[in-house]
Amino acid sequence: MRVFITGASGWIGSAAVDELLAHDYEVVGLARSEASAESLSAKGATALRGDLDDLDSLRRGARDADAVLHLANKHDWANPAESNRAERAAVETLGDALAGSGTPFLVASGVAGLAQGRPSTELDPSPFSGPDAPRGGTENLALDYINKGVKSMSLRFSPTVHGIDDHGFISYIVAAAREKGVSGYVGDGSNGWAAVHRGDAARMIRLGLEKAPAGSLLHAVGEGSVSTKAIAEAIGAGLGLPVTSIDPGDAQAHFGFIGTFFAMNMASSSTLTQELLDWTPTGPTLLDDIAAGAYFAV
C-alpha cells in the first residue's frame, strides 16, 4: 500500500513514517526542504517536495496514493487564523482529490475542547465546524467527505505526544520555568492533560489505517489524565526549581500562549480505540519521560 503523508518530517509524522516502513508500506512524504527530503530518502521513503500551501503537490500526492495521512499543521501560535486557513484549504484539497475513490483519509485532530467537566471519549462529536473554528473545523470537514466516497476518519491526539527531543507543549512549559525561575501550574493544578508516547501514537495510526472503518474517531491517549501540578512538580525536580501556583489571571503573562492550554482540563479516554484496534499503549509515561530528562537538553 502506498501511503502519502503530510507532516512526514514532523514529530508525529516522522514516527508514523518509521512505523509504516517497518511494516512494509510504501511511504511518500511531503517535504518542505531539501534536508527533509534527504531524511525521508535515507529512511527508504519517497519525498514529494511541497508544503501546505502547495495545493498542486497535495493533489498529486493524494491521487497517486492508496491512503492519505494528513498530519501537517503550521502551528503558527502568533497567527492562528493563518494556521486555520491553511489547514482547511489543505483538507479540502486532499478530500476533493480523493472524492469517489474510497481511499482511507486519516486527518490529525485533538482531544481538547471535546467535553466539559469530564474526560472526552470517542463518542463526543467535535463542536468545531467552519473556517473560523480551531484547526479550521477540519475534523468535521474531513468527515463530510464520507458522503463523497472517501474513507475519512479522525486521529485525535493528546495535548502532549511525548518522548525524547519533543518540542511540543511540554517544552514550552519547561521554557517558561527556565525563564521565570519557578515551575508553575495554574490554580490548584487539578486539571489534567491526556498524554501518549510518540511510539504508541505511531502504532495507533498504523492500526487505524489497517482496521478502522470510515467515520472512526480514534483517540491517541495513553494516559487519560496527568495533573498539571504533577507535570509542574516533575519539571521543577528536573530543573532544580521551586514549584508554585500561578493565578489563572496571570497564566498568559507567566507562560505565554501555552498558559491558555495549561489552564484547561484536557483529560480524555481511549478505551473504545483500544478495543477497536487491539491497541495497548506500552511506552513510558509522561512523568517518566520528564524524569528521564527528555525536556532538559541544553
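Above this note sits the structure.
To keep things clear, this report deals only with the structure shown in the data block. Since this is a predicted model, take the numbers as computed values, not measurements. (Residues numbered from 1 in each chain as written. Predicted model: local features only at pLDDT ≥ 70, side-chain atom pairs only at ≥ 80, totals over all residues. Heavy atoms only, no water.)

Some words on the pairing of strand β1 (residues 2–6)
Then step 1. With four of five residues buried, β1 lies mostly within the body of the structure.
Then step 2. Crossover β1 to strand β2 (residues 26–31) through helix α1 (residues 11–22) is right-handed.
Then step 3. Relative to strand β4 (residues 67–70), β1 runs parallel, the two sharing four bridges. Counterpart to V3 in the pairing with β4 is A67. (Buried < 20%, exposed > 50% of the residue type's maximum accessible area, 1.4 Å probe, protein only. Helix = DSSP H or I, 4+ residues; strand = E, 2+ residues; numbered from the N terminus. Right-handed = clockwise from strand over helix to strand, strands pointing away. Pairing = 2+ DSSP bridges.)

So, the packing of aromatic side chains
Then step 1. In total, this model carries ten aromatic pairs according to the counting rule given.
Then step 2. Here W77 and F257 contribute two aromatic rings whose centre-to-centre distance is 5.0 Å and whose plane-to-plane angle is 15°, an arrangement assigned as stacked. Pair noted here: W77 is in the loop between β4 and α4 (80–98) and F257 is in the loop between α9 (251–255) and α10 (258–262), with a separation of 180 residues, a long-range link.
Then step 3. Judged by its relative accessible area of 33%, W77 is partly exposed.
Then step 4. We classify F257 as partly exposed; its relative accessible area is 25%.
Then step 5. Plain terms: the ring middles of F169 and F261 are 5.1 Å apart, the flat faces sit at 35° to each other, and that makes the pair tilted. With F169 in helix α6 (residues 169–180) and F261 in helix α10, this pair connects stretches of sequence that are 92 residues apart.
Then step 6. Classification of F169 by relative accessible area gives buried; the value is 14%.
Then step 7. Take F261: its relative accessible area is 22%, and that puts it in the partly exposed class. (Phe/Tyr/Trp six-rings, centres within 6.5 Å; stacked < 30°, edge-to-face > 60°.)

Some remarks on the nonpolar core
Then step 1. By size, the foremost hydrophobic cluster in this structure holds 33 residues, and its most contacted members are I5, L71 and F157.
Then step 2. When residues of this core are assigned to their parent elements, the largest contribution, five residues, is made by helix α7 (residues 198–211). (Core = buried A, V, L, I, M, F, W, Y, C linked by side-chain atoms within 4.5 Å.)

Focus: the side chain of S120
Then step 1. Its location among the elements puts S120 in the loop between β5 (104–110) and α5 (138–144).
Then step 2. Polar contacts involving the side chain of S120 include one to the side chain of S268, which spans 2.8 Å.
Then step 3. Among all residues touching S120, those that are not within four sequence positions of it are V111, L114, A115, H219, A267, S268 and S269. (Polar contact = N/O pair within 3.5 Å; in protein donor to acceptor, adjacent residues only side chain to side chain. Contact = heavy atoms within 4.5 Å.)

Side note on empty space enclosed by the protein
Then step 1. Within the structure shown, the criterion is met by one cavity of 30 Å³ or more.
Then step 2. The computed volume of the largest cavity comes to approximately 30 Å³.
Then step 3. Every residue along the wall of the largest cavity is listed here: V111, A112, G113, L114, A115, R118, S120, N265, M266 and A267.
Then step 4. Along the lines of polarity and charge, the residues of the lining of the largest cavity split into six nonpolar, three polar and one charged. (1 Å grid on protein atoms, 1.4 Å probe; cavity = no way out; pocket = protein on both sides within 12 Å on 5 of 7 lines; lining within 4 Å. Points joined across faces, edges and corners; volume = space filled by probe spheres on them. Nonpolar A, V, L, I, M, F, W, Y, C, P; charged D, E, K, R; others polar.)

Some thoughts on the sheet that holds strand β6 (residues 151–157)
As a general point, the strands of a sheet are linked pairwise by backbone hydrogen bonds and lie either parallel or antiparallel.
Then step 1. Strands sit in the order β3-β2-β1-β4-β5-β6-β10 across an open sheet of seven strands; the sheet is parallel. Both outer strands of the open sheet, β3 (46–49) and β10 (217–220), are each paired with one neighbouring strand and no more. On average, adjacent strands in this sheet sit at an angle of 20° to one another, irrespective of strand direction.
Then step 2. Note that β5 and β6 share seven bridges and pair parallel. Each bridged residue has a counterpart across the sheet, and for A108 the counterpart in β6 is L155.
Then step 3. Strands in contact with α7 are β1, β4, β5, β6 and β10; relative to β6, the strand with the most contacts, it is inclined by about 165°. (Axes fitted to C-alpha atoms, helices over the stretch in contact; angles between N-to-C directions.)

Let's talk about the sheet that holds strand β11 (residues 223–227)
Then step 1. Taken in spatial order, the three strands line up as β7-β9-β11 in an open sheet, and their pairing is mixed. Of all the strands in the sheet, the pair left with one neighbour each is β7 (160–162) and β11. Shown here is a sheet whose adjacent strand axes are inclined to one another by a mean of 45°, direction ignored.
Then step 2. The pairing of β7 with strand β9 (residues 192–197) spans three bridges and is classified as parallel.

A few points about the pairing of β10
Then step 1. Side chains L217 and H219 project from β10 onto one buried face, and the interleaved L218 and A220 project onto a second face that is buried too.
Then step 2. Of the pairings in the sheet, the one linking β6 to β10 comprises four bridges and is parallel in character. When the sheet's bridge partners are listed, F157 is paired in β10 with A220.

Focus on the side chain of S109
Then step 1. Within the secondary structure, S109 is located in strand β5.
Then step 2. Residue classification places S109 among the buried positions, given a relative accessible area of 14%.
Then step 3. Only 3.1 Å separates the side chain of S109 from the side chain of E139, close enough to count as a polar contact.
Then step 4. In this structure S109 touches R135, E139, S154, L155, R156 and F157, once residues within four positions along its chain are discounted.

Scope: geometric values only; no functional claims are made or implied.
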